[in-house]
Amino acid sequence: MPDQMIRTESLRKSFGDVHALKGVDLEVEPATVFGLLGPNGAGKTTTVRILTTLLAPDEGRAEVAGFDVVRDAEPLRHVIGLAGQSAAVDENLTGLENIEMVGRLYHLAAPEARRRAVEILGRFELSEAAHRTAKTYSGGMRRRLDLCASLVGRPTVLFLDEPTTGLDPRSRIEMWEIIRELQNEGTTILLTTQYLDEADRLADRIAVIDVGRVIAEGTPTELKMRVGGEVLAIRVVDRSRVGEAAGQVLGLGPGGGSVDNNTGEITVPVGDQGPAILTEAVRRLDRAGVALADIALRRPTLDDVFMALTGHAAEEGDQPKENGKRGRRRRRG
Amino acid sequence: MSATITAERTVDTERRLRYAIGDGWVLTKRNLITYVRKPDLLVFSTIQPVMFVLLFVYVFGGAMKLALPAGLPYVDFLMPGIFVQTAIFAATQTGVGLAEDLKKGLVDRFRSLPMARSAVLSGRTLADSAAIAFQVVLMLVVAVLVGFRLHAGLPKGLLALAGALSVGYAFTWMFALAGLSLKSVEAVQAASFTLIFPFVFASSAFVPADTFPHWLQSWSKVNPVSIWVDTFRDLTLGHLNPAGENLMTHLWQSTAWFLAILVIFVPLSVRLYRKT
């Protein structure tokens, strides 16, 4: 077994004038969950498509399970599984027929393909629906069926491209449990997500990707440390005075801070001087006569990390990109 | 040593061929199941040519009598054209089916599997050809009901039907290319009709081409649809054929066009599929 299950070296890919990947380096250890985190258009799907042999890189190289994704594409396809953003199942086939078909395409004998299909559908609680056509399935069921299809070949490396996008909260939690189980069985998993809490919960390591580059990489804890220990979060009663309040407190910490234009929340990284800065902030705001709705010290979320790294919030991927101008305004103190 | 390598290569080639056939068959079955589960697709694409037959025979038939040699019923003249038209129209489903699979991400799934690269296209074109065969045979039944007869005997008549099916098969590859390059069902449907129109209607399929203006006659003469339809008239009209039987030349030209389309569009489609 190679010591890195996935290894990429300065992967580049352009589509015409659009530079989707501008040199991506990744290393993923066996039996870990690796989170590729970033907004839409960051290059997550392009990376997954290259690693699953669907797309050839323009430059750089990538190995999965010891196979080069271009040179050894054929043997590589035997050991990977892919579950995509749009659940790729044939809606005119039943659940069982879908999975059997994929089994046959892995060149399993018919009885073995049937046996595995029944087993996998049972495991993901689709036995009852096995003889219904997939078009009658709910969104969550389709996604599970798609995942079943990606597991028929018993992959050593599993690629999940936004596995929970569009799922209701219950299905999302179910998917999380499944991903953890698969990891416990020794499967290496690369998942892409735009949800910070998802990466935080599932991933052993996270690479934050933005406009085709990895801008930070580490464990969730390491990434949160980057913001500088704790964060002071402040909300004022009168939203029109947010700017004034920010002016009073943004310079207090070692690392500037930011204002969320949507929620009006002011966040200030405080390092290890939380209590002192908190006291000073209260004093200044009181003197300025700004009434507080809420003030608290909290551990940073990956949201704060994303803000600190990119200068824009992470969850607005559907909007056209205007780097550094979206959602929150960032100020250096 | 080199003998071992050669032997391994032979085994490898054999295995590849087995996978190409096996995987192609798995996808053919999958596509046929869709035809069975979505019968409206087949029903509506069959109703249309039936309506064409009725329209041409009963609406235009009376007027057409004047343009045809005495003693040649219009329905007998018309049906070879309808067979070819039916086959070509039905072949558009290949483009639609591929565009749907691309949009739904199924093609991505297939391409990430260790299956034969050729199977998605071979399974698609084969299943669609089965649907074409069904429609052409149904058209024959309808034709006989409105008075169509095989004047040159059954074997030649069957050869004409097989010919129409081959034409449909060749066109599935043309539409495969359209489906893979356009990637949207609506675009494929619109493009298919534009692609079909000059072939099917500017030909001798529905009316004798000698009524066309001169420039159109020049196109109609080289138009493969005219050549196929004239060939199938040789095979169904017998002594009634106004052009006189020219079977060997027509068969040769028809086969050449059939092969030419395959030689051009199979490699183009396969290459595009690999790159998609």
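Throughout, a residue's number is its position along its own chain's written sequence, starting from 1. In the order they appear in the text, chains get letters beginning with A and ligands get numbers beginning with 1. Where local features are concerned, this predicted model is filtered to residues with pLDDT of at least 70; where side-chain atom pairs are given and counted, the filter is 80 or more; whole-chain, interface and lining totals use all residues.

## Concerning the overall build of chain B
Thought 1: Numbering goes from the N terminus for both helices and strands, where a helix is a DSSP run of H or I of at least four residues and a strand is a run of E of at least two. Summing up its helical and strand segments, chain B has 10 helices and 0 strands in all.
Thought 2: Taken from the N to the C terminus, the helices and strands of chain B come in the order α-α-α-α-α-α-α-α-α-α.
Thought 3: Radius of gyration means the value over C-alpha atoms here, while the globule rule gives 2.2 Å times the residue count to the 0.38 power. Taking 276 residues into account, the globule formula puts the C-alpha radius of gyration at 19 Å, and chain B, at 21 Å, falls close to it.
Thought 4: Three exposure classes are used, based on other C-beta atoms lying within 10 Å of a residue's own C-beta, which is placed from the backbone: buried for 20 or more, exposed for 12 or fewer, and partly exposed in between. Counting all 276 residues of chain B, 42% fall into the buried class.
Thought 5: A separation threshold of at least 6 residues defines the contact pool for chain B, and within that pool the share at least 24 residues apart is 82%. A pair of residues counts as a contact when their C-beta atoms, built from backbone coordinates, are within 7 Å of each other.

## A word on the sheet that holds strand β3 (residues 33-37) of chain A
Residue and element names in this part refer to chain A.
Thought 1: Should DSSP find at least two bridges between two strands, the strands are regarded as paired. If you walk across this open sheet you meet the 6 strands as β6-β7-β8-β3-β9-β10, and the pairing is mixed. In this open sheet, the two strands that pair with only one neighbour each are β6 (80-83) and β10 (213-218). Pairs of neighbouring strands in the sheet enclose a mean axial angle of 15°, with direction left out of account.
Thought 2: All axes here are fitted lines through C-alpha atoms, helices being fitted over the stretch that makes contact, and every angle between N-to-C directions spans 0 to 180 degrees. Each of β3, β7 (157-161), β8 (188-193) and β9 (205-210) is contacted by helix α1 (residues 44-51), which is oriented at about 150° to β7, the strand it contacts most.

## Focus on the pairing of β8 of chain A
Residue and element names in this part refer to chain A.
Thought 1: Most of β8 is tucked away, with 6 of its 6 residues classed as buried.
Thought 2: Burial along β8 is two-sided: the face carrying T188, L190 and T192 and the face carrying I189, L191 and T193 are both buried.
Thought 3: The pairing of β7 with β8 spans 5 bridges and is parallel. Looking across to β8, one finds that D161 is bridged to T192.
Thought 4: For the crossover from β7 across helix α6 (residues 169-184) to β8, the handedness is right-handed. For the handedness criterion, the strands are oriented away from the viewer, and a crossover whose path from the first strand over the helix to the second runs clockwise is classed as right-handed.

## Details of the sheet that holds strand β5 (residues 67-68) of chain A
All names here are of chain A.
Thought 1: With respect to topology, 4 strands assemble into an open sheet ordered β2-β1-β4-β5, the strand pairing being antiparallel. The open sheet has two edge strands with one neighbour each: β2 (18-28) and β5.
Thought 2: As defined by bridge partners, strand β1 (residues 6-15) adjoins β2 across 8 bridges and the pair is classed as antiparallel. Of the residues in β2, the one forming a bridge with I6 is V28.
Thought 3: Lying over the sheet, α1 contacts β1, β2 and β4 (59-64), oriented at roughly 115° with respect to β1.

## A look at the packing of helix α3 (residues 95-105) of chain A against helix α4 (residues 110-123) of chain A
All names here are of chain A.
Thought 1: Two elements in contact, α3 and α4, have axes whose closest approach is 8 Å; the angle formed by their N-to-C orientations is 130°. Comparing their axes, α4 and α3 come out oblique. Handedness of the α3/α4 crossing: right-handed. In contact with G95, L96, I99, E100, G103 and R104 of α3, α4 contributes A110, A113, R114, R116, A117, I120 and L121.
Thought 2: Here the contact of α3 with α4 is built from residues that sort into 7 nonpolar, 2 polar and 4 charged. For this classification, under 35 degrees means roughly parallel, over 145 means roughly antiparallel, 65 to 115 means roughly perpendicular, and everything else is oblique. Here is the rule for handedness: rotate from the far helix to the near one, and if that takes an anticlockwise turn smaller than a right angle the crossing is left-handed, while a clockwise turn gives right-handed. Polar here means any residue outside two lists: the nonpolar Ala, Val, Leu, Ile, Met, Phe, Trp, Tyr, Cys and Pro, and the charged Asp, Glu, Lys and Arg; Gly therefore counts as polar.

## Describing the domain arrangement of chain A
Thought 1: Domain boundaries shown here were taken from an automatic or database domain assignment. Segmenting chain A into domains produces domain 1 (6-219) and domain 2 (224-331).
Thought 2: When each unit is reduced to the centre of its C-alpha atoms, the spacing between domain 1 of chain A and domain 2 of chain A is 35 Å.

## Some thoughts on unusual backbone geometry
Phi is mostly negative for residues that are not glycine, and the peptide bonds are mostly trans.
All names here are of chain A.
Thought 1: Unlike most non-glycine residues, S10 shows phi in positive territory, near 35°.
Thought 2: Note that S10 resides in strand β1.
Thought 3: One non-glycine residue, E162, adopts positive backbone phi at about 45°.
Thought 4: The topology assignment puts E162 in the loop between β7 and α6.

## Here we look at the packing of helix α5 (residues 139-151) of chain A against α6 of chain A
Residue and element names in this part refer to chain A.
Thought 1: Between α5 and α6, the least distance of the axes is 10 Å, while the angle of their chain directions is 20°. Overall, the two elements α5 and α6 adopt an arrangement that is roughly parallel. Handedness of the α5/α6 crossing: right-handed. Taken together, the residues of α6 that come into contact with α5 (itself represented by G139, G140, R143 and L147) are S171, E174, M175 and I178.

## Examining the interface of chain B and chain A
Thought 1: Counting residues at the interface gives 18 residues for chain B and 22 residues for chain A.
Thought 2: Contributions of two or more residues to the side of chain B that touches chain A are made by α1 (2-37) and α4 (106-112) of chain B.
Thought 3: Looking at the side of chain B that touches chain A element by element, the count peaks at 7 residues for α1 of chain B.
Thought 4: Split into classes, the residues belonging to the side of chain B that touches chain A amount to 7 nonpolar, 3 polar and 8 charged.

## Quick notes on the environment of A88 of chain A
Thought 1: Tracing the backbone shows A88 of chain A in the loop between β6 and α3.
Thought 2: C-alpha separation for the pair A88 of chain A and S138 of chain A, spaced 50 residues apart in sequence, amounts to 14 Å.
Thought 3: Every residue in contact with A88 of chain A, bar those within four places of it in the chain, is listed here: D146 of chain A together with K104, G105, L106, D108 and R109 of chain B.

## Examining the environment of L102 of chain B
Residue and element names in this part refer to chain B.
Thought 1: Inspection of the secondary structure assignment puts L102 in helix α3 (residues 74-103).
Thought 2: The buried category is assigned to L102, around which 20 C-beta atoms lie within 10 Å.
Thought 3: As for L102 and K183, which are separated by 81 residues in sequence, their C-alpha atoms are 6.6 Å apart.

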